[in-house]
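Chain residues, written in single-letter form:
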Amino acid sequence: MVSYSSFAALRRNETSCTARCSDNSAICRLLTVVAIEDVQWADEATLDLPSYLSRRIQYVHVLLLVTYRDDGIMANNPLRLTLGAFASQRATRRLSLPSLSAAGVATLAQGTGIDPTELHRLTAGNPFFVSEVLEAGNDALPPSIRDAVLARARTLGTPARDALEVAALIGSRMQSELLVSLVHNPLVVDELISHGLLIKDGDDLRFRHEIARVAIEAAVPPYRKAAIHTKIIDALLSAGCNDDARLAFHAEGAGNAELVLAHAPRAGRRAAALSARREAAAQYERALRFLPETDLRARAELLDNLAQQLDFVDRREDLVETCSAAVALWHELGDSTHEADSLLRLAGNLWWLCRGADSSQAANALLKLVRPLGPTRQLAKAYNTLAHHHLSRGRYEEGLELTRQAREISERLGLGDVISDSLCNEAYVVYATGGDWTPLVRAALETALSGGHEYQVGAVFVDMYWRYCGDLRHEEGEQIYNQAMAYHDVHDIGTFTNCLLGERVGVLEKLGRWDECMSITHTMLEERSISPSNRMQPLCCQAKVMARRGHDGYWPRLDEAMHLAIGLDEPEWLSFVGLARVEAYWLEGRLDAARSELNQTLLRESLTRLSDLGAEAAARLVRQKMRAWASAPFPPVRVPQHGRIREA
């Protein structure tokens with residue numbers, strides 16, 4: 001390695017060194033490696049050394065390594081002459097180093113919690129940018145990258161720096177005509193291209209690295225940002241731009257509330273129609289930031305639109321706040337129909353948050369609100385919602401009666417989404433009682449697909465996968481899993497993607513495919529934002545595998561899962577988590593604790609089913625199961641590693 005401070009010494013000694021090494025009687029037997037880095041910054045005098053050495057390299061045992069960045073060499077840079085001289089030498093070899101691939105970035109980002117796809121998009125695989133972001137350990141712009149980008153921008157002239165700020169605020173990609181029209185000087189744009197900050201992409205221009213654009217944008221003072229955004233939106237409107245999302249973005253940057261409210265809601269509706277849920281939510285949130293508090297109806301409508309998109313992408317905490325605000329506004333306006341719609345979504349969202357009592361309370365309030373409205377869509381949905389609460393607690397007769405009422409109203413009104421939900425409710429009972437559930441669920445899926453009810457399609461796919469695997473029909477389950485994941489990806493249904501992955505880890509745990517199970521649970525619990533109800537299964541499965549392998553740290557997972565299950569207050573989940581805890585105690589050889597946990601699990605289950613079984617029958621069932629488990633030997637054995645279930 002040779003630093004630039006050593007160049008003078010090298011130049012003084014190079015003649016004698018070359019003479020000694022070229023003397024046939026004193027041939028150097030050892031290879032000398034000289035590395036000169038970042039020669040794109042070198043001046044003409046410094047470039048004389050590699051130029052001189054390149055003409056004599058063939059006579060000595062020397063490897064000369066010269067590195068430079070090919071994305072920042074201007075047309076008049078003296079390095080271009082040096083590179084031309086290198087190319088004429090037979091001993092010269094040029095190697096281009098590609099950027100890191102998406103797969104390479106994903107490998108480097110493993111275990112960091114940083115989205116590798118987003119990291120690759122921001123950095124375009126630039127190794128320096130990737131390593132700096134990973135070292136920072138979060139999604140914020142690392143100071144090292146900011147300083148490097150801004151230092152490079154300072155080499156530009158003042159007009160070019162101003163143009164770079166305009167380009168950064170336009171976005172990652174821009175029409176060259178738009179940028180030229182805003183800076184009024186094509187030569188300035190050429191300077192940005194020659195410095196490698198912008199690159200040509202067909203007829204357009206774009207930043208070579210998105211993270212560099214972010215650094216430039218962040219450095220623009222707020223008062224200048226507003227002025228630049230105003231210039232940009234004026235130019236776009238003059239050119240006849242009809243891209244609502246783009247116009248809304250620049251209108252917000254300019255602080256123009258009128259234009260934001262004109263374009264953001266339209267952009268949100270278009271994004272929702274294209275199943276771009278996150279984009280739709282962002283547009284509705286943008287509009288709400290600029291809508292006056294006094295416009296109650298417009299605000300309530302926007303909140304409802306936002307809530308619908310948040311429901312798809314599993315943003316539960318934001319959703320409960322949005323739904324609650326919408327319910328309050330519709331109540332203030334005296335609009336019972338819209339209030340019922342918002343209350344319905346609120347009840348469902350409280351379930352996802354494992355707030356079972358609050359969810360039931362909201363569902364009962366919903367029914368009280370909509371009954372006076374008669375046989376409406378809202379009443380049918382209220383019946384289905386309450387039916388789900390009854391069925392999940394084993395109260396099948398009550399649940400089926402409500403489901404039949406919902407089905408009758410929905411068939412009369414042609415409500416395909418409600419019919420699909422009703423069919424799933426009926427299939428729940430058939431499955432629980434050992435019947436053939438497949439015709440009902442297939443009909444539910446067909447109804448949802450034919451009506452374009454994406455949310456219902458996602459829910460039915462999860463039900464099908466769970467039931468096929470529960471019946472040990474894993475081949476059919478695998479087919480449904482692949483179909484479902486493809487559908488959820490195309491339609492951006494993060495909620496049911498998380499549900500499906502939760503069911504997946506349960507299947508993998510039972511099949512002894514523990515490495516796959518642990519990989520998915522790690523991704524879900526550490527790297528994804530998922531609702532509390534979607535956390536219970538991966539928490540339990542991860543804890544069980546850890547306990548079986550003799551690893552520490554599984555009790556906090558089991559404690560969190562039990563806290564969530566108690567909040568949800570459904571027998572199925574209480575039993576699932578309770579039995580996972582029983583197994584953990586058993587594997588530790590703590591037999592009394594295992595029996596105590598089992599007794600609590602059975603007691604919770606029986607108490608929730610008193611209305612169906614009757615108090616005496618429920619108590620008798622608990623006593624029978626307790627006696628059976630009390631006589632079990634509970635050998636304190638750890639299940640061997642690598643999923644050797646049969647041996648265990």
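Owing to the predicted nature of the structure, the values given are computational and were not obtained by experimental measurement. The numbering scheme is per chain: residues are counted from 1 as the chain's sequence reads. Given that this is a predicted model, residues contribute local features only at a pLDDT of at least 70 and side-chain atom pairs are listed and counted only at 80 or more, while totals for whole chains, interfaces and linings are drawn from all residues. To get the side-chain values, take all heavy atoms of the structure and skip hydrogens and water.

Before going further, it helps to examine the overall build of the protein chain. The number of helices and strands found in the protein chain is 33 helices and five strands. The buried share of the protein chain, reckoned over its 648 residues, is 47%. Sequence-distant contacts, at least 24 apart, represent 63% of the contacts inside the protein chain between residues at least 6 apart. Put simply, the protein chain shows about 31800 Å² of open surface, and 53% of that area lies on carbon and sulfur atoms. What counts as a helix is a DSSP run of H or I of at least four residues, what counts as a strand is a run of E of at least two, and both are numbered from the N terminus. Under the scheme applied here, a residue whose accessible area is under 20% of the maximum for its type counts as buried, over 50% as exposed, and between as partly exposed, the area being computed with a 1.4 Å probe on protein chains only. Residues are treated as being in contact if the distance between any of their heavy atoms lies within 4.5 Å. The method behind every accessible area is Shrake-Rupley, applied with a 1.4 Å probe, and residues are considered shielded solely by the protein chains displayed.

Before going further, it helps to spend a moment on helix α5 (residues 116-123). Burial in α5 covers these residues: Leu119, Leu122 and Thr123. Down the axis of α5, the buried set is contained in an arc of 80°. They therefore lie on one face. Of the residues flanking the end of α5, it is alanine 124, one or two places downstream, whose phi is positive at about 55°. It is the directions from the helix axis to the C-beta atoms whose arc is reported.

The next thing to look at is the environment of glutamate 478. Along the chain, the position of glutamate 478 falls in helix α25 (residues 474-490). We classify glutamate 478 as partly exposed; its relative accessible area is 30%.

Turning to the sheet that holds strand β4 (residues 198-201), a few remarks are in order. Strands in a sheet are paired, the pairing made by backbone hydrogen bonds, and the direction either parallel or antiparallel. With antiparallel pairing, three strands are arranged side by side in an open sheet as β3-β5-β4. Edge positions in the sheet fall to β3 (173-175) and β4, since each has one partner strand and no second. Direction aside, neighbouring strands of the sheet carry axes that sit 35° apart on average. Two strands pair if DSSP finds at least two bridges between them. Orientation is described by lines fitted to C-alpha atoms, with helices fitted over the stretch in contact, and by angles between N-to-C directions that extend from 0 to 180 degrees.

On to unusual backbone geometry, then. Of note in the backbone geometry, histidine 184 takes a positive phi value of approximately 60° without being a glycine. Position of histidine 184 among the secondary structure elements: in the loop between α9 (176-183) and α10 (186-194).

A few words now on the pattern of salt bridges. Should a side-chain nitrogen of Lys or Arg be within 4 Å of a carboxyl oxygen of Asp or Glu, the pair is scored as a salt bridge. Enumeration according to the criterion identifies 41 salt bridges in this entry. Two residues, aspartate 318 and arginine 315, come together in a salt bridge whose shortest N-O distance is 2.8 Å. Each of Arg173, Asp201, Asp204 and Arg206 takes part in one network of salt bridges that share partners.

Okay, the pairing of β4 next. Across four bridges, the pairing between β4 and strand β5 (residues 204-207) is antiparallel. Paired with lysine 200 across the two strands is leucine 205, which belongs to β5.

This part is about the environment of aspartate 569. By the secondary structure assignment, aspartate 569 is in the loop between α29 (555-568) and α30 (571-587). Overall, aspartate 569 belongs to the partly exposed group, its relative accessible area being 34%. Along the sequence, aspartate 569 and cysteine 354 sit 215 residues apart, while their C-alpha atoms lie 8.0 Å from each other.

With that out of the way, let us pick up the packing of aromatic side chains. Pairing of aromatic rings covers Phe, Tyr and the six-membered ring of Trp, with a centre-to-centre limit of 6.5 Å; geometry is then stacked below 30 degrees between planes, edge-to-face above 60, and tilted otherwise. Taken as a whole and assessed by the stated rule, the structure comprises twelve aromatic pairs. Where tryptophan 555 meets tyrosine 585, the ring centres are 4.5 Å apart and the plane angle is 45°; that geometry is what we call tilted. Taken together, the residues span a long stretch of sequence, with tryptophan 555 in helix α29 and tyrosine 585 in helix α30 at a distance of 30 residues. Residue tryptophan 555 is classed as buried on the basis of its relative accessible area of 17%. Taking relative accessible area as the criterion, tyrosine 585 reaches 13% and is therefore assigned buried. Counting every residue linked through ring pairs, the aromatic cluster contains Phe312, Trp351, Trp352, Tyr455 and Phe496. For the cation-ring pair, arginine 277 lies above phenylalanine 312, with the distance from its terminal atom to the ring centre recorded as 3.8 Å. In this scheme, the term charge over a ring applies when either NZ of a lysine or CZ of an arginine sits within 6 Å of the ring centre and within 35 degrees of the ring normal.

On to the packing of helix α7 (residues 143-153) against helix α11 (residues 210-219), then. A pair of packed helices can be characterised by two numbers: the angle between their axes and the separation between those axes. α11 packs onto α7 with a crossing angle of 80° between their chain directions and a minimal axis gap of 9 Å. In terms of orientation, α7 lies roughly perpendicular with respect to α11. Along the contact surface, α7 presents Ile145, Arg146, Val149, Leu150 and Ala153, while α11 presents Ile211, Ala212, Ala215, Ile216 and Ala219. Each residue receives one of three labels: charged for Asp, Glu, Lys and Arg, nonpolar for Ala, Val, Leu, Ile, Met, Phe, Trp, Tyr, Cys and Pro, and polar for the others, Gly being one of them. Residues belonging to the contact of α7 with α11 are distributed by class as follows: nine nonpolar, no polar and one charged. Roughly parallel covers angles under 35 degrees, roughly antiparallel covers those over 145, roughly perpendicular covers 65 to 115, and oblique covers all other angles.

What is shown is where atoms sit, not what they do.
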